[in-house]
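Here is what each chain is made of, one letter per residue.
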Amino acid sequence: MPSMIREIFHGKCQDIRSYSPLTLAYIGDAVYDLIIRTAVVEKANRPANILHHITVKYVSAGAQARIVTALQEHFTQEEQTVYQRGKNAKPHTMAKNASPADYKKATGFEAVLGWLYLKDDMERILELVRKGIEAADIENL
């Protein structure tokens, strides 16, 4: 997918190892949000406010922190390294409804998803998100 976007919009090909962890988290947040929104919409055609209420259960920093805590044993060494970089990054803002620890874990998780997305590895992203939701015992989509 990113390669198609890069081609259509004439983006430059950049080594993803050079991206900052917060840049990876920025794109990873959008990818994760789109996956969850898609899964929620696929379950039922409902009013947008109800879709949003369901989605929030999965996209909050607290939920993402639980997911990544449950997932860490499934990370490859490279994914673990990206996670640590994201978790240890110094964000300019903090979520208002999350603890600093949960926010950092969520940022690390989003960095992994962003890194995988930029590698064009959507299959691995979907595998991790599915495993994470199941392992964190969050109501399955």
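All values derive from a computational prediction rather than experimental measurement.

Caption draft 1: Geometry of the packing of aromatic side chains. Counted according to the given criterion, the structure contains 2 aromatic pairs. Residues Tyr32 and Phe109 carry aromatic rings whose centres are separated by 5.4 Å and whose planes lie at 75 degrees to one another, so their mutual orientation is edge-to-face. Of this pair, Tyr32 sits in helix H2 (residues 21–43) while Phe109 is found in helix H6 (residues 100–118), placing the two residues 77 residues apart along the sequence. The class of Tyr32 is buried, set by a relative accessible area of 1%. The interplanar angle of 55 degrees and the centroid separation of 5.9 Å between the aromatic rings of Phe75 and Tyr83 together place this pair among those described as tilted. Accessibility assignment for this pair places Phe75 and Tyr83 in one class, buried.

Caption draft 2: How the structure looks around unusual backbone geometry. The phi angle at Asp120 is positive, at roughly 65 degrees, despite the residue not being glycine. Mapped onto the fold, Asp120 is located in the loop between H6 and helix H7 (122–135).

Caption draft 3: Layout of the confidence of the model for the protein. Overall, the predicted model of the protein reaches an average pLDDT of 90, with 96% of residues at or above 70. By mean pLDDT, the top-scoring element of the protein is helix H5 (residues 77–88) (96), and the lowest-scoring one is helix H1 (residues 2–8) (81).

Caption draft 4: View of the layout of surface pockets. By volume, the second largest pocket amounts to about 230 Å³. Forming the boundary of the second largest pocket are Pro2, Ile5, Arg6, Gly11, Lys12, Gln14, Ile16, Tyr19, Thr23, Ile27, Tyr117 and Leu118. For the lining of the second largest pocket, the secondary-structure elements that each account for two or more residues are H1, H2 and H6. Here the lining of the second largest pocket gets 3 residues from one element, more than from any other, and that element is H1.

About the criteria used
Residues numbered from 1 in each chain as written. Predicted model: local features only at pLDDT ≥ 70, side-chain atom pairs only at ≥ 80, totals over all residues. Heavy atoms only, no water. Phe/Tyr/Trp six-rings, centres within 6.5 Å; stacked < 30°, edge-to-face > 60°. Helix = DSSP H or I, 4+ residues; strand = E, 2+ residues; numbered from the N terminus. Buried < 20%, exposed > 50% of the residue type's maximum accessible area, 1.4 Å probe, protein only. pLDDT = per-residue confidence, 0-100. 1 Å grid on protein atoms, 1.4 Å probe; cavity = no way out; pocket = protein on both sides within 12 Å on 5 of 7 lines; lining within 4 Å. Points joined across faces, edges and corners; volume = space filled by probe spheres on them.

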